[in-house]
Amino acid sequence: MKKSLLTLALGGLTIGITEFVMMGILPDIAQNLSISIPVAGHLISAYALGVVIGAPLLVIITRNFPPKKTLLILASMITLFNSLSIIAPNYGFLFAVRLLSGLPHGAFFGVGAVVASRLADKGKEAQAISVMFAGLTIANLLGVPLGTYIGHHFSWRYTFIIITIVGTLTVASLYFWMPNLEAKGREGMRTQLQFFKKIEAWLVILITAIGAGGLFCWISYIAPLLVSISGFDAADVPYVMMLAGLGMVLGNFIGGKLADRYSTEKTIILLLLVMAVDLLLVFFFSYNQYVSLALVFSTGCIAFAVAAPIQTLMIQTAVGAEMIASAAIQAAFNTGNALGAFLGGLPLIAGFSYASPNLVGVTMSICGVLFTVVFLQRKRRVMKLAAI
């Protein structure tokens, strides 16, 4: 693995732990700060809001900076704001720094994806992007369980010390290992934003927020599904989630290889169709513990396999505005997170079982397939007109 790509994976690891460990240490934070768990849950929303705000904003601000300088600034922001969480005296302060911690998330992945594609060997762009996202998957496999264990048995503040250490290593590796690539063009803000006037841009965003958002119907309610439907003990859930993390690691690299071997659109269609079938199997067969374990692994695998192809599709589509478009995809993923959790919760409110959110996920995945088909048809029509 190229050292330059390893630095991006370290950044993904830092961001992955930052984003997902909060779910595991939420009760500990609530108890320590004397707030209710629902109020503590707003810390998750604060981070997501930061991602949506920061993704386009920071890319526009740094659009004319060399990529290495931009990544160093973003990684330093991630490290600094997480370090402030260690000394948070109250809920209000922690809410503010969680919001600030989310700001560089989308911009880092957006700029990082473009940099990874530029550093990649020809024909292996999607695989290079998947190396960056490998850090995110390893965070779910190892970083989040470790951070949760330390936060629960010692102090949640120690968890943020670990994140700060990993963030510092990211900054150091970027400084020493990331090559000094030149800024690619010096487009103004208006030129960058012109991309979003294209229907294709919004189709890719819809593919991400709706299609890939089907994953979050599953993962948002996986703990009660495993306990109430599959019959696992609540204490077993973190270990089962490590199985999902292992699937994410494998799926991430599979998605990159598929997108480089075949067209990105066809890869996305295939993976979203497989996701729909998989979520349908989760709905029908999660009552069996052995089958449930297999489905936890396969769903994690399929869910993350689609990340690199979607990111690659956006970069291919947004010629001249790659970085802001790539960052917008991260905002779309977080929108999918919110949509999946909200829409998946509707059947639960109506009194259906904890398996029912997966049927909503099936519908969202199929909608993603339809959006991709429309995108592909428009692309073929443009190519046909250009050939005339």
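Data block above holds the structure.
Draft legend 1. Here's a closer look at the overall build of the protein. A tally of regular secondary structure across the protein gives 17 helices and zero strands. With the C-alpha coordinates aligned to their principal axes, the bounding extent of the protein is approximately 60 × 45 × 35 Å. Per-residue burial for the protein yields a buried fraction of 54% across its 388 residues. A separation of at least 24 residues holds for 84% of the contacts in the protein among residues at least 6 apart in sequence. Here the protein contributes 23 positively and 13 negatively charged side chains, and the mean placements of these two sets differ by 11 Å.

Draft legend 2. Focus on the nonpolar core. The biggest cluster of nonpolar side chains holds 94 residues, and the ones touching the most others in it are Leu8, Trp218 and Ile310. Sorting elements by how many residues they give to this core places helix H5 (residues 91-119) first, with ten residues. Aside from chain neighbours lying at most four places away, what touches Ile310 is Val204, Ile207, Thr208, Ala212, Ile268, Ile329 and Phe333. By size, the runner-up hydrophobic cluster in this structure holds 19 residues, among which are Met22, Ile25, Leu43 and Leu94.

Draft legend 3. Seen up close, the environment of Ser298. The topology assignment puts Ser298 in helix H14 (residues 289-305). The spatial distance from the C-alpha of Ser298 to the C-alpha of Met275 is 9.1 Å, given a sequence separation of 23 residues. Of note is the side chain of Ser298, whose polar atom sits 2.7 Å from the side chain of Asp278.

Parameters and conventions
Residues numbered from 1 in each chain as written. Predicted model: local features only at pLDDT ≥ 70, side-chain atom pairs only at ≥ 80, totals over all residues. Heavy atoms only, no water. Helix = DSSP H or I, 4+ residues; strand = E, 2+ residues; numbered from the N terminus. Buried < 20%, exposed > 50% of the residue type's maximum accessible area, 1.4 Å probe, protein only. Contact = heavy atoms within 4.5 Å. Lys, Arg positive; Asp, Glu negative; His and termini not counted. Charge placed at Lys NZ, Arg CZ, Asp CG, Glu CD. Core = buried A, V, L, I, M, F, W, Y, C linked by side-chain atoms within 4.5 Å. Polar contact = N/O pair within 3.5 Å; in protein donor to acceptor, adjacent residues only side chain to side chain.

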